[in-house]
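Read off the chains here:
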Amino acid sequence: MGHIRFETRTPRDRWIEAGLAALAKGGPDAVRVEALAKRLGVTKGGFYGFFADRAALLTAMLDTWERESTDDVWERVNREGHDPKSLITRAGLLTFSTDRLLPIDLAVRDWARRDPAVAERLRRVDDRRMDLLRQMIGTFCDDPDEVEARSVLAFCLLIGEHFLAAGHGDRTRDQVLRRAGDIILDREPR
């Protein structure tokens, strides 16, 4: 006869996930233990079994964001295995055009403007992303100055397009972004 297993505590990752959702929606001030407990439908007592305080949760959230937006993306892209230009495109799509990572990334960027520790974390993540771009672009471009310029253009395109309100005449945003990517990655227009 099977035993019914009851979960006695809300798992740690559910607290982190709820915190990341709150961060994406309302910034770090929206990450409050009481509000998260209510959202999870539990009491806040279980929170303290995993986290010493709110600051510990915020650190765990940043750890999760950092891992998911770097290591997990690289692992997934490498597993799919494509040429360097396709790898860059795929990594950008996984990071900056998903419903999951993009809102968190944008919230972390905003938070980093006011918190030096978060700014340092963001710098570390962005440095890893830029290193990947340099490595991949370096496979088809020999000039180190051009590799750096193309890398920063690609990164700025991926982040900045979310803040750009300008129209593009008779072209769609997707058409313009695709063409910009073709120029940066030295591809024939599609």
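Read on for a plain summary of the structure. This structure is a prediction, so every number in the text was calculated from the model and none was measured. (Residues numbered from 1 in each chain as written. Predicted model: local features only at pLDDT ≥ 70, side-chain atom pairs only at ≥ 80, totals over all residues. Heavy atoms only, no water.)

1. Section: the pattern of salt bridges
By the definition in use, this model includes 25 salt bridges. Notably, a salt bridge pairs Arg 121 with Asp 63, separated by 2.7 Å at the nearest N-O pair. Of this pair, Arg 121 sits in helix α6 (residues 116–137) while Asp 63 sits in helix α3 (residues 54–80), and the two are 58 residues apart along the sequence. A salt bridge links Arg 134 to Glu 148, with the shortest nitrogen-to-oxygen separation between them at 2.5 Å. Of this pair, Arg 134 sits in helix α6 while Glu 148 sits in helix α7 (residues 144–160), and the two are 14 residues apart along the sequence. A relative accessible area of 28% places Arg 134 in the partly exposed class. Under the relative-accessibility criterion, Glu 148 is labelled partly exposed at 33%. Through salt bridges with shared partners, a single network forms among Glu 17, Arg 67, Glu 68, Asp 72 and Arg 100. (Salt bridge = Lys/Arg side-chain N within 4 Å of Asp/Glu carboxyl O. Helix = DSSP H or I, 4+ residues; strand = E, 2+ residues; numbered from the N terminus. Buried < 20%, exposed > 50% of the residue type's maximum accessible area, 1.4 Å probe, protein only.)

2. Some thoughts on the side chain of Ser 69
As for its position among the elements, Ser 69 is in helix α3. Polar contacts involving the side chain of Ser 69 include one to the main-chain carbonyl oxygen of Trp 65, which spans 2.7 Å. Sequence-distant contacts of Ser 69, that is, excluding residues within four places in its chain, are made with Trp 74, Thr 95, Leu 101, Val 125 and Arg 129. (Polar contact = N/O pair within 3.5 Å; in protein donor to acceptor, adjacent residues only side chain to side chain. Contact = heavy atoms within 4.5 Å.)

3. Quick notes on the environment of Leu 158
Inspection of the secondary structure assignment puts Leu 158 in helix α7. Between the C-alpha atoms of Leu 158 and Asp 127, which are 31 residues apart in sequence, the distance is 15 Å. Beyond its immediate stretch of four places on either side in the chain, Leu 158 contacts Gly 92 and Phe 96.

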